[in-house]
Amino acid sequence: MTDKKVKKIGLLTSGGDGPGMNAAIRAVVRCALSHGIAVDGIMRGYQGILNEEIIPLSHRSVSNIINRGGTILKTARSREFGTPEGKTKAVKILKQHKIECLVVIGGDGSYQGATTLFEEHGFPTIGLPGTIDNDLYGTDQTIGCHTAVNTALEAIDKVRDTAHSMERIFIIEVMGNKSGYIAAEVALGAGAEDVIVPERRFDYEAMCTRIREGYKRGKISWMIVVAEGAGKAHEIASTVTTMTGLESRFVVLGHVQRGGDPTGRDRILGTRLGAAAVNLIVRGEFGKAVGVLQDEINIIPLRDATHKEFKHLDEYRNLVKILT
Ligand code: F6P
């Protein structure tokens, strides 16, 4: 905590974009301005600091964006910033621009960068959880995951029609990096028959036995959701066909899950978290990550926010099997 009033902040989005990031940008900018704090937008994540792609943002700059997917600040993954020299250079440039605190909207990797700036360079940072993966501590949801799950469900509902009509097994690969959160939510919400996640060992033999038995009982289609961190859909499809003798197909949903208009929930989450980040800055608290836990704003040290496991993973996996 410090008594010195911050006059200007920098704001960037980093890593994979997520629907709702624009709502968070809008809230940070307008709340900061309402406290008399100027905001510089940094384009293309941490790389934008190094390239000095820094532009002042006004109330108007964030008009008409709350409903839009992606991020108006663009985003990127920066190798140069990942190096110690890159971080030293970034701090120098931020100071040259009279930026006194950096607000980072991003996921796991982006939080690690913000933690290092704060802990090793003494530069004030705040983390705002923006990733479809929902793999950060201190918040029940990250900005973007609600929309991503809905987008995946819409796509899977369509696949279900053809799976059912052609009596096929479908393996559907969803995003999530090293987390099975999206896969578990989507499997439960889509009424899938099985879900494969990176956090748990998966017994392919047992699944194929269930598939064979199901077909004997007259079950005509089978939908298996796999998290990208647990395996490749095309390999799993060929394993399943070899082990069961049944026809299978695969679908990789990919980046479609990151796009589209944010759901109401992601807009509201982004807005609440953006405002919470500015409140921290006004109070002179840095090195913190903002989140919402059980509908209350929750603040934790940035360094504690990374690598969360979905706490309902086993409950969801069991339900998927029971409800098959
Ligand atoms: O972290 C968000 C995410 O969409 C992950 O789910 C995925 O593994 C990764 O980003 C893909 O990144 P890129 O767009 O750089 O390929």
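Everything numeric in this text was worked out from a predicted model, so none of it was measured.

Undergrad: Tell me about the packing of helix α7 (residues 204-216) against helix α8 (residues 233-244), and please be specific about residues and values.
TA: Two elements in contact, α7 and α8, have axes separated by 10 Å at closest approach and are oriented at 60 degrees. Of the possible angle classes, the one that applies to α7 and α8 is oblique. Crossing hand, α7 versus α8: right-handed. From α7, Tyr-204, Glu-205, Met-207, Cys-208, Ile-211 and Arg-212 reach across to α8, where they touch Ile-236, Val-240, Met-243 and Thr-244. The residue makeup of the contact of α7 with α8, split by class, is 7 nonpolar, 1 polar and 2 charged.

Undergrad: I'd like to hear about helix α6 (residues 181-190), residue by residue, with values.
TA: Burial runs high along α6: 7 of the 10 residues are buried. Taken as a whole, α6 has its buried residues at Tyr-181, Ile-182, Ala-183, Ala-184, Val-186, Ala-187 and Ala-190. In this structure, the buried residues of α6 make contact with α5 (145-166), β7 (169-174), β8 (194-196), β9 (222-227) and α10 (313-322). Following α6 by one or two positions, Gly-191 has its phi on the positive side, about 70 degrees.

Undergrad: How would you sum up the side chain of Thr-115? Please name residues and give values.
TA: Tracing the backbone shows Thr-115 in helix α4 (residues 108-121). Ignoring sequence-local partners within four residues, the contact set of Thr-115 consists of Glu-120, Leu-302 and Arg-303.

Undergrad: Describe the pairing of strand β4 (residues 101-106), with residues and values.
TA: Among the 6 residues in β4, 6 count as buried, and that is most of the element. Neither face of β4 is open: one carries Cys-101, Val-103 and Ile-105, the other Leu-102, Val-104 and Gly-106, and all of them are buried.

Undergrad: Give a description of the site of the ligand that names residues and reports values.
TA: Every residue near the ligand is listed here: Arg-77, Thr-131, Ile-132, Asp-133, Met-175, Gly-176, Asn-177, Glu-228, His-255 and Arg-258. Here an oxygen atom of the ligand and a side-chain polar atom of Asp-133 are 2.7 Å apart. Residues of the shell around the ligand, tallied by class, amount to 2 nonpolar, 4 polar and 4 charged.

Undergrad: Report on the pattern of salt bridges, specifying residues and quantitative values.
TA: Side-chain pairs of opposite charge can arise where the charged atoms are in close proximity. Enumeration over the complete set of coordinates arrives at 17 salt bridges. Ionic pairing is found between Asp-40 and Lys-8, a salt bridge with its closest N-O pair at 3.0 Å. Of the two residues, Asp-40 sits in strand β2 (residues 38-42) while Lys-8 sits in strand β1 (residues 8-13), which places them 32 residues apart along the sequence. Shared partners join several salt bridges into a network, and the residues in it are Arg-200, Glu-309, Asp-314 and Arg-317.

Rules used throughout
- Residues numbered from 1 in each chain as written.
- Predicted model: local features only at pLDDT ≥ 70, side-chain atom pairs only at ≥ 80, totals over all residues.
- Heavy atoms only, no water.
- Axes fitted to C-alpha atoms, helices over the stretch in contact; angles between N-to-C directions.
- Helix = DSSP H or I, 4+ residues; strand = E, 2+ residues; numbered from the N terminus.
- Parallel < 35°, antiparallel > 145°, perpendicular 65-115°, else oblique.
- Left-handed = near helix turned anticlockwise from the far one by under 90°.
- Contact = heavy atoms within 4.5 Å.
- Nonpolar A, V, L, I, M, F, W, Y, C, P; charged D, E, K, R; others polar.
- Buried < 20%, exposed > 50% of the residue type's maximum accessible area, 1.4 Å probe, protein only.
- Near = heavy atom within 4 Å.
- Polar contact = N/O pair within 3.5 Å; in protein donor to acceptor, adjacent residues only side chain to side chain.
- Salt bridge = Lys/Arg side-chain N within 4 Å of Asp/Glu carboxyl O.

All quantities given are derived from atomic positions and should not be read as evidence of function.
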